[in-house]
Amino acid sequence: LLRLQRQHAQWRDQAGVCVVLGDTGSGKSTLINALVDECAVLPSNCIGRACTATIIELGHCPDETAYSAEVEFLSREEWEREMES
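The structure presented is a predicted model; accordingly, all values stated were derived computationally and were not measured. (Residues numbered from 1 in each chain as written. Predicted model: local features only at pLDDT ≥ 70, side-chain atom pairs only at ≥ 80, totals over all residues. Heavy atoms only, no water.)

Draft legend 1. Structural context of the overall build of the chain. A count of helical and extended segments in the chain gives 3 helices and 0 strands. By residue count, 5% of the 85 residues in the chain fall in the buried class. Pairs at least 24 apart in sequence give 21% of the contacts found in the chain among residues at least 6 apart. Working note: accessible area of the chain is about 8,500 Å², and carbon and sulfur atoms make up 54% of it. (Helix = DSSP H or I, 4+ residues; strand = E, 2+ residues; numbered from the N terminus. Buried < 20%, exposed > 50% of the residue type's maximum accessible area, 1.4 Å probe, protein only. Contact = heavy atoms within 4.5 Å. Areas by Shrake-Rupley, 256 points an atom, 1.4 Å probe, with all protein chains shown as cover.)

Draft legend 2. Quick look at the environment of Lys28. Within the secondary structure layout, Lys28 lies in helix H2 (residues 28-35). Considered as a pair, Lys28 and Leu42 are 14 residues apart in the sequence and their alpha carbons are 9.4 Å apart. Sequence-distant contacts of Lys28, that is, excluding residues within four places in its chain, are made with Val20, Leu21, Gly22 and Asp23.

Draft legend 3. Structural view of unusual backbone geometry. At Asp37, a residue that is not glycine, the phi angle is positive and equals roughly 60°. Tracing the sequence through the fold places Asp37 in the loop between H2 and helix H3 (76-84). By relative accessible area, Asp37 is classed as exposed at 67%.

Draft legend 4. Summary view of the pattern of salt bridges. On inspection of all chains with the given rule, the structure shows 1 salt bridge. One salt bridge in this structure joins Glu80 and Arg76, with 3.3 Å as the shortest N-O distance. Note that Glu80 and Arg76 are positioned in helix H3 at a spacing of 4 residues, about one turn of the helix. Residue Glu80 is classed as partly exposed on the basis of its relative accessible area, which comes to 38%. (Salt bridge = Lys/Arg side-chain N within 4 Å of Asp/Glu carboxyl O.)

If you want it as structure tokens, here you go:
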């Protein structure tokens, strides 16, 4: 038990990564909303049409009591470089 408690303490503050991939409108946002037990963290319409048309990164902040967002936009030049590669 002591070994498990030490392992838990070591892993507790480490970030994990989970990637959700799927076809457009397949329910990825609905799945994530269900996993975090919220109905609208990510937009979804539940009828198979896409609502989230970009890559989204979500993170857990144990010290936060509310949601916060950080939005980054690409410049036109950055977007064009991404499309070329």
